[in-house]
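# Chain and residue survey
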Amino acid sequence: MENYFQMDFTPKAVNVLSNLALAHLGDGVFSLLCRAYLCKKGDKSVKRLHLDSIALVKAPTQAAFAEKILPSLTEAEADYYRRGKNAHTHAAPKSASPREYAMATGLECLFGALYLLGENDRINELFNLGMEALYGI
């Protein structure tokens, strides 16, 4: 039986995936981290959890998050971030500038690649670093 929770792709296997495929997966990883963070933070209504989750995963917030963690990325991590940032997306949402959307896609690509590589400790480290830098938590 396949284990889709803990991945252990080789870097070569990750590198053959498209930038947007990595970003698609990374979007889910980042969203799950945000949801877990909000649940751990305290008792909230489902509506409040949903609204707070949306605020964390929107492109402008992800772009700000990316800016905070960029100096801490390894060379390989920065390469994954750039792959996503430079991906040819067709349209940015109205709530984000093209620059913010590109940065958010870069962040998602990075988190998708790290997930596939089985780098869960590093994902948590970067997530905590970004949350601390943005929110002092």
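Structural notes, computed from the coordinates. (Residues numbered from 1 in each chain as written. Predicted model: local features only at pLDDT ≥ 70, side-chain atom pairs only at ≥ 80, totals over all residues. Heavy atoms only, no water.)

## Section: the overall build of the protein
Along the backbone of the protein there are 7 helices and 0 strands. The linear arrangement of helices and strands in the protein, starting from the amino end, is α-α-α-α-α-α-α. The C-alpha atoms of the protein give a radius of gyration of 15 Å, which matches the 14 Å a tight globule of 137 residues would have. When its C-alpha atoms are laid out on the principal axes, the protein stretches across 40 × 40 × 30 Å. Put simply, the protein has 137 residues, and 38% of those count as buried. Summed over all atoms, the accessible surface of the protein reaches about 8,200 Å², with 57% contributed by carbon and sulfur. Between the mean site of the 15 positive side-chain charges and the mean site of the 15 negative ones, the protein shows a separation of 9 Å. (Helix = DSSP H or I, 4+ residues; strand = E, 2+ residues; numbered from the N terminus. Rg over C-alpha atoms; globule rule 2.2 N^0.38 Å. Buried < 20%, exposed > 50% of the residue type's maximum accessible area, 1.4 Å probe, protein only. Areas by Shrake-Rupley, 256 points an atom, 1.4 Å probe, with all protein chains shown as cover. Lys, Arg positive; Asp, Glu negative; His and termini not counted. Charge placed at Lys NZ, Arg CZ, Asp CG, Glu CD.)

## A word on the nonpolar core
One finds Phe65, Ile69, Leu110, Phe111 and Phe127 to be the most contacted residues of the largest nonpolar core, which totals 32 residues. Counting residues per element, the ones that place at least two in this core are helix 2 (19-41), helix 4 (59-69), helix 5 (75-85), helix 6 (98-116) and helix 7 (120-135). Considering every element that reaches this core, the biggest residue donor is helix 6, with 9 residues. In this view, isoleucine 69 contacts Leu107, Leu110, Phe111, Leu126, Leu129 and Gly130; residues no more than four positions away in its chain are not counted. (Core = buried A, V, L, I, M, F, W, Y, C linked by side-chain atoms within 4.5 Å. Contact = heavy atoms within 4.5 Å.)

## Looking at the packing of aromatic side chains
The final tally for this structure, using the stated rule, is 6 aromatic pairs. A centroid spacing of 5.1 Å and a plane angle of 85° characterise the contact between phenylalanine 30 and phenylalanine 65, whose relative ring orientation is edge-to-face. Here phenylalanine 30, found in helix 2, pairs with phenylalanine 65, found in helix 4; they are 35 residues apart in sequence, far enough to count as distant. Residues phenylalanine 30 and phenylalanine 65 agree in their burial class; the two are buried. An aromatic cluster is built from Phe30, Tyr37, Phe65, Phe111 and Phe127, whose rings are joined through pairwise contacts. (Phe/Tyr/Trp six-rings, centres within 6.5 Å; stacked < 30°, edge-to-face > 60°.)

## Focus on the environment of lysine 58
Along the polypeptide, lysine 58 turns up in the loop between helix 3 (46-57) and helix 4. Along the backbone, lysine 58 and aspartate 43 are 15 residues apart, and their C-alpha atoms lie at a distance of 22 Å.

## Considering the pattern of salt bridges
Here the structure, examined in full by the defined rule, presents 6 salt bridges. Note that lysine 44 and aspartate 52 form a salt bridge whose closest N and O atoms lie 2.4 Å from each other. A relative accessible area of 27% places lysine 44 in the partly exposed class. When salt bridges that share partners are traced, they join Lys44, Arg48 and Asp52 into one network. (Salt bridge = Lys/Arg side-chain N within 4 Å of Asp/Glu carboxyl O.)

## Brief notes about the layout of surface pockets
What the largest pocket holds in volume is close to 290 Å³. Sort the elements by how many residues they give to the lining of the largest pocket and helix 2 lands first, with 6 residues. Here the residues of the lining of the largest pocket are counted per class, giving 8 nonpolar, 3 polar and no charged. (1 Å grid on protein atoms, 1.4 Å probe; cavity = no way out; pocket = protein on both sides within 12 Å on 5 of 7 lines; lining within 4 Å. Points joined across faces, edges and corners; volume = space filled by probe spheres on them. Nonpolar A, V, L, I, M, F, W, Y, C, P; charged D, E, K, R; others polar.)

## Details of the environment of tyrosine 135
For tyrosine 135, the position within the fold is in helix 7. By relative accessible area, which is 40% here, tyrosine 135 ends up partly exposed. Taking C-alpha positions, tyrosine 135 is 16 Å from isoleucine 54, a pair spaced 81 residues apart along the chain.

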